[in-house]
Amino acid sequence: MKKRKSIVVFVILAAITALLGYYTYGVVKGTVAKDSEAGIKLGLDLAGGVSITYQVVGDETPSTEDMSDTVYQLEQRVSAYSTEAEVYQVGDNRITVEIPGVTDANEILEELGNPGTLEFQTTDGEVYMTGDYVVDAQAGTITDSTTGSTSYCVELTLNDEGAEIFAEYTATYLNDYLPIYYDGECITYPLVNSVISNGVAEITGMDTYEEAEILATQIRSGSLTLELEELQSEVVGAKLGSQALSSSILAAIIGILIIIVFMLIFYRIPGLAASIALLIYTGILLSVLHLYHITLTLAGIAGIILSIGMAVDANVIIFARIKEEIGAGKSVGTSITEGFKKAFSAILDGNITTLIAAVVLYLRGSGSIRGFATTLALGIIFSMFTALVITRWLLKSLYGMGFKDKKFYGEKKQRAPINFLGKRFLCIGISVAIIAAGFVGMGVYRAGGNNALNFSLEFMGGTSTTVTFDTDYTIEEIDEEIVPYIEEVTGDSNIQTQKVADSTDVVFKTRTLTLDERQEMIDILGENFGVTEDDVSESQNISSTISSEMRSDAIWAVIIATICMLIYIWFRFKDIRFAGSAVIALVHDVLIVLAFYALSRTSVGTTFIACMLTLVGYSINATIVIFDRIRENLALEEGNRNTDLKLVVNNSITQTLSRSINTSLTTFIMVLMIFVLGVSSIREFTGPLMVGVVCGAYSSVFLTGAIWYMMKNRSLKKQTVKAEAEQPKPSKKKKKK
């Protein structure tokens, strides 16, 4: 009866796998065809979209601050259409908005061109003043003359009419709240402490100066009098070309197949269960991305890669535990039960710390950061479900069907601990040398008149030039045949290209060009492709697509996520040293990859942010597994006053070594496939990511345990010294003469 039940469960799960496979095949097919209904909705970099250029109405040139605020306002508005939209300034009075997945600009033109709505309301919803009365809003600091402490605020300045209205309402609502709304969303909820009659108010309560700057920008944006009119709109092709998407999908399929083969060879029957669970996981993830119309970009692909690595990671942890239990002499059935039980805490803690990071990144981030956070969070949830539920059902079903011999599962005998801590100072020295080399390299480049890092157009801005060719080139042909000539002029390989739909126009975005360089670019295109000056539209300087607010959001998101992870690890492990060691290792990994960016001069753009965020999630997960084993082994030594900490740490790292190698290898395989098969722009992302995967494995094995040991050992020595100092000194008796 038990065997029949096992067969039924296995058949049901196999049928679910087949149905999901059939459904996801249609989703992948629709995605490759860039059909947003049949496939996954794609971002501007993978599918293209609509590009709308607005011009400020009026003859006067707007101020730099007004233009910056308008860009920010439009960034907030277009996020309703897609979190992956890009907004940047062109020239002195133009702004371009690029929205992925949209082919008809008419539906959004009217709304985007109107100024934002800023409303001052009472707590019962009455609008008593609008942004028309606001003259200015600036971030500021307040220093307490008594304590010397610093707080942050926004200084709001109103015109004369606004001052009268504000005086009346602050008198009526003294010691009450007067919230401020921007486009229907409450952006601040200040308490009225006194009657404000001079038209100058301070909004306090901000935790940081950056937070105050963002609020000031929102208030100024809502009070803008700038009106925009459409100058032109056009449908543009994918920035990375059509080949980027198909090659990424092919790479992912090959990577998953290699992982399945690896799992079958290395883990046998458990590997079969994990392979089926991985297919179910992939099917669920792609189905959700399709059904909920989640936009997928290169950063989103990074989140999927990381979550696949973590899905395999959970299974590897479980299977390693099962092997250990079998090696300890337990039956296969008991070993399966104990393996899942003992692996649970490491899987839970590792996934929750990464999930915390994903949630914070989504709440505080914007643009591609949100896309990354979304796919990462979904991947974590589904990977935990498939590893802890689906894999368990499959494994128990296979066991019930007759696969009960331990030869199907493998056996891991206790091995002598490797002396990892004995090499700790050498490893720390190597890491310090690499990080120092990175900073030295940045200093050398900066001294030579270049940027410390090779910042891309997304960070630095540049020049946009539209060229009309007599041939309808594909993006791939443009990258291979035309771009090299432009690189001769710019001396920079960081060039972005986009095709304009239904035309032979191509948009080239380069670093900022001088007038001579612009002419040289026209000449070289003329010599090789028959382009004349009439074929080249007026070149315009463009601002960065990553605004200062977006950069600030990204930095603060990473800082807050790191602090939250630190607090969680501290809470779970009941030892601040575990949390401190994890954060130090995390900073180490980030600095190593930063050194790679600096020394290799790899382009630093939106993919840089995605790479660093992927590394944060990956590195912390690997560290948690080793810490979980240290915690477990310490519990076994509880009450033993002669516990050898060095032996405990070395033994814990040795016991988890196969897991560290195997999960790093499977994740590396996924990234390597995309690096080998991807286009050049994708290699700029996967190259540093491969360095990050190797670095994460290295720091987990050679540094995290060592750092914790040194912290713990130092603490124990202090306790010993303190205890000896508190011991009563023996009294000295006088000798009798």
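For the structure itself, consult the block above.
Just so you know, these numbers come straight off a predicted model, no measurement behind them. (Residues numbered from 1 in each chain as written. Predicted model: local features only at pLDDT ≥ 70, side-chain atom pairs only at ≥ 80, totals over all residues. Heavy atoms only, no water.)

(A) Main features of the overall build of the protein. If you tally the helices and strands in the protein, you get 21 helices and 15 strands. On C-alpha atoms alone, the protein measures out to a radius of gyration of 30 Å, which is about the 27 Å that the 2.2 N^0.38 rule sets for 737 residues. Expressed along its principal axes, the backbone C-alpha trace of the protein runs to roughly 95 × 85 × 60 Å. Per-residue burial for the protein yields a buried fraction of 55% across its 737 residues. For the protein, the accessible surface area stands at approximately 33300 Å², while carbon and sulfur atoms represent 57% of it. The average position of the 57 basic charges and that of the 81 acidic charges among the side chains of the protein differ by 31 Å. (Helix = DSSP H or I, 4+ residues; strand = E, 2+ residues; numbered from the N terminus. Rg over C-alpha atoms; globule rule 2.2 N^0.38 Å. Buried < 20%, exposed > 50% of the residue type's maximum accessible area, 1.4 Å probe, protein only. Areas by Shrake-Rupley, 256 points an atom, 1.4 Å probe, with all protein chains shown as cover. Lys, Arg positive; Asp, Glu negative; His and termini not counted. Charge placed at Lys NZ, Arg CZ, Asp CG, Glu CD.)

(B) Structural context of the sheet that holds strand S6 (residues 134–143). A sheet is described by the order of its strands in space; here 3 strands give the open sequence S6-S7-S10, paired in antiparallel fashion. The open sheet has two free edges, formed respectively by S6 and strand S10 (200–206), since each of these has just one partner strand. In this sheet, neighbouring strand axes are inclined to one another by 25° on average, regardless of whether the strands run parallel or antiparallel. Bridge count for strand S7 (residues 150–158) against S10 is 6 bridges, and the pairing is antiparallel. If you follow Cys 153 over to S10, its bridge partner there is Thr 204. (Pairing = 2+ DSSP bridges. Axes fitted to C-alpha atoms, helices over the stretch in contact; angles between N-to-C directions.)

(C) Layout of a nonpolar patch on the surface. On the surface, Ile 555, Ile 559, Ile 563 and Ile 567 cluster together to form a nonpolar patch covering roughly 360 Å² of accessible area. Turning to its location among the elements, Ile 563 is positioned in helix H16 (residues 548–573). Look at Ile 563 and you get partly exposed, because its relative accessible area is 48%. (Patch = residues over 30% accessible without salt bridge, like charges linked within 9 Å, V, L, I, M, F, W, Y side chains within 5 Å. Salt bridge = Lys/Arg side-chain N within 4 Å of Asp/Glu carboxyl O.)

(D) How the structure looks around the packing of aromatic side chains. Under the counting rule described, the total for this entry stands at 21 aromatic pairs. Centre to centre, the rings of Phe 469 and Tyr 473 are 5.6 Å apart; their planes meet at 90°, and the pair counts as edge-to-face. One exposure class covers both Phe 469 and Tyr 473, and it is buried. Above the plane of the ring of Phe 573 lies Arg 631, whose end atom (NZ or CZ) is 4.1 Å from the centre. (Phe/Tyr/Trp six-rings, centres within 6.5 Å; stacked < 30°, edge-to-face > 60°. Lys NZ or Arg CZ within 6 Å of the ring centre and 35° of its normal.)

(E) The nonpolar core, seen in detail. Counting 96 residues, the largest nonpolar core has Met 263 and Leu 395 as the members making the most contacts within it. At 15 residues, helix H11 (residues 368–400) tops the list of elements feeding residues into this core. Among the nonpolar cores identified, the runner-up in size contains 28 residues, and Ala 137, Ile 165, Val 192 and Ile 196 belong to it. (Core = buried A, V, L, I, M, F, W, Y, C linked by side-chain atoms within 4.5 Å.)

(F) Just the sheet that holds strand S8 (residues 180–182), in detail. Judged by pairing direction, the sheet is antiparallel, and its 4 strands sit side by side in the order S5-S4-S8-S9 without closing on themselves. Two strands in the sheet have a free side with no partner beyond their single neighbour: strand S5 (127–130) and strand S9 (185–188). Neighbour-to-neighbour, the strand axes of this sheet turn through a mean angle of 40°, independent of strand direction. Pairing geometry for strand S4 (residues 118–121) and S8, over 3 bridges, is antiparallel. Opposite Leu 118, over in S8, you have Tyr 182 as the bridge partner.

(G) The packing of helix H1 (residues 2–32) against helix H8 (residues 269–291), seen in detail. Where H1 contacts H8, the axes come no closer than 9 Å and their chain directions differ by 45°. When the axes of H1 and H8 are compared, the pair comes out oblique. Crossing hand, H1 versus H8: left-handed. Counting all contacts with H1, which are made through Phe 10, Leu 13, Thr 17, Leu 20, Tyr 23, Thr 24, Val 27 and Val 28, the residues of H8 involved are Ile 276, Leu 279, Ile 280, Gly 283, Ile 284, Leu 286, Ser 287, His 290 and Leu 291. Considering only residue class, the contact of H1 with H8 consists of 12 nonpolar, 5 polar and no charged. (Parallel < 35°, antiparallel > 145°, perpendicular 65-115°, else oblique. Left-handed = near helix turned anticlockwise from the far one by under 90°. Contact = heavy atoms within 4.5 Å. Nonpolar A, V, L, I, M, F, W, Y, C, P; charged D, E, K, R; others polar.)

(H) Broad picture of the packing of helix H12 (residues 424–447) against helix H17 (residues 576–600). Viewed as axis vectors pointing N to C, H12 and H17 meet at an angle of 40°, and their least axial separation amounts to 8 Å. The angle between the axes of H12 and H17 places the two elements in the oblique class. Every pair of crossing elements has a handedness; the one defined by H12 and H17 is left-handed. Taking contact as the criterion, the partners of Ser 431, Ile 434, Ile 435, Ala 437, Gly 438, Phe 439, Gly 441, Met 442 and Tyr 445 in H12 are, on H17, His 588, Leu 591, Ile 592, Leu 594, Ala 595, Ala 598 and Leu 599.

(I) Broad picture of the pattern of salt bridges. Under the definition given, this model contains 15 salt bridges. For the salt bridge of Arg 321 with Glu 632, the shortest nitrogen-to-oxygen distance reads 2.4 Å. With Arg 321 in helix H9 (residues 298–327) and Glu 632 in helix H18 (residues 606–636), this residue pair connects regions lying 311 residues apart in the sequence. With a shortest N-O distance of 2.7 Å, Glu 325 and Lys 330 are connected by a salt bridge. What makes Lys 330 partly exposed here is its relative accessible area of 35%.

(J) Structural context of a positive patch on the surface. Residues Lys 2, Lys 3, Lys 5, Lys 396 and Lys 404 make up a contiguous surface patch of positive charge. In this fold, Lys 404 is placed in the loop between H11 and H12. A residue is classified by how much of its surface remains accessible, and Lys 404, at 46% relative accessible area, is partly exposed.

(K) Main features of the side chain of Asn 315. Positionally, Asn 315 belongs in helix H9. Within the local environment of Asn 315, its side chain forms a polar contact with the side chain of Thr 391, the two groups lying 2.9 Å apart. (Polar contact = N/O pair within 3.5 Å; in protein donor to acceptor, adjacent residues only side chain to side chain.)

(L) Fine view of the environment of Thr 466. Secondary-structure assignment places Thr 466 in strand S12 (residues 462–468). On the basis of relative accessibility, which here comes to 18%, the residue Thr 466 falls in the buried class. Counting along the chain gives 41 residues from Thr 466 to Val 507, while the straight-line C-alpha distance between them is 4.4 Å. If we skip the residues at most four places from it in the chain, Thr 466 touches Asp 505, Val 506, Val 507, Asp 535, Val 536 and Ser 537.

(M) Representation of unusual backbone geometry within the structure. At Lys 574, a position not held by glycine, the phi torsion is positive, near 55°. Here Lys 574 is to be found in the loop between H16 and H17. In the Ramachandran plot, Arg 601 falls in the positive-phi region, its phi being about 60° despite a non-glycine side chain. Within the fold, Arg 601 resides in the loop between H17 and H18.

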